[in-house]
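Spelled out from the first residue to the last, the chains are:
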Amino acid sequence: MKYSTARRLTIMFASIAAIFITSYFYLDAKDRMIPILPVIIKPVAVGTLLAACFILMANIMATRKNEDRITNQNFRGAFIVLICLIAFRVITHFV
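A quick note: this is a predicted structure, and the numbers were derived from the prediction, not measured.

Chemist: Would you mind going over the environment of Ile-11 with me for this structure?
Modeler: When you line up the elements, Ile-11 lands in helix 1 (residues 3-29). In this structure Ile-11 comes out as exposed when scored by relative accessible area, which is 53%. Measuring from C-alpha to C-alpha, the distance between Ile-11 and Leu-56 comes to 9.6 Å, with 45 residues separating the pair along the chain.

Here it is, written out as structure tokens:
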């Protein structure tokens, strides 16, 4: 994947997540939250933020190695780091 494509996808996913998060807090502050909306908004926001972080980490790993493109090895490394961060969050949440 080219760096420019990764940058565009990261901006797109982060913007979508920001829109969902701000709409969630706005509706909650105005007491107009429909009970089903958090069930829809939260997973979409978390999923898009995870996708943005995944692509951003792969982009950072590729630029640190001075590669021309983002390779599968960079995506695998970003996936492992993201899974470790999620596991750490789950473990520390239950302690």
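Chemist: What am I meant to see in a nonpolar patch on the surface here?
Modeler: A cluster of nonpolar side chains, Val-46, Leu-50, Phe-79, Ile-80, Ile-83, Ile-86, Val-90 and Phe-94, forms an exposed patch at the surface whose accessible area comes to about 750 Å². Broken down by element, the nonpolar patch gets its largest block of residues, six residues, from helix 3 (residues 72-94). With respect to the secondary-structure elements, Ile-86 resides in helix 3.

Chemist: How do you make sense of the nonpolar core when you look at a structure like this?
Modeler: Nonpolar side chains in soluble globular proteins tend to end up buried together. Counting 10 residues, the largest nonpolar core is built from Tyr-3, Ala-6, Ile-55, Met-57, Ala-58, Ala-62, Ile-70, Phe-75, Ala-78 and Leu-82. Where this core is concerned, the elements lending two or more residues are helix 1, helix 2 (37-64) and helix 3. With four residues, helix 2 is the single largest residue contributor to this core. If we ignore the near neighbours within four places in the chain, the residues touching Met-57 are Ala-78, Val-81 and Leu-82.

Calculation notes
- Residues numbered from 1 in each chain as written.
- Predicted model: local features only at pLDDT ≥ 70, side-chain atom pairs only at ≥ 80, totals over all residues.
- Heavy atoms only, no water.
- Helix = DSSP H or I, 4+ residues; strand = E, 2+ residues; numbered from the N terminus.
- Buried < 20%, exposed > 50% of the residue type's maximum accessible area, 1.4 Å probe, protein only.
- Patch = residues over 30% accessible without salt bridge, like charges linked within 9 Å, V, L, I, M, F, W, Y side chains within 5 Å.
- Areas by Shrake-Rupley, 256 points an atom, 1.4 Å probe, with all protein chains shown as cover.
- Salt bridge = Lys/Arg side-chain N within 4 Å of Asp/Glu carboxyl O.
- Core = buried A, V, L, I, M, F, W, Y, C linked by side-chain atoms within 4.5 Å.
- Contact = heavy atoms within 4.5 Å.

All quantities given are derived from atomic positions and should not be read as evidence of function.
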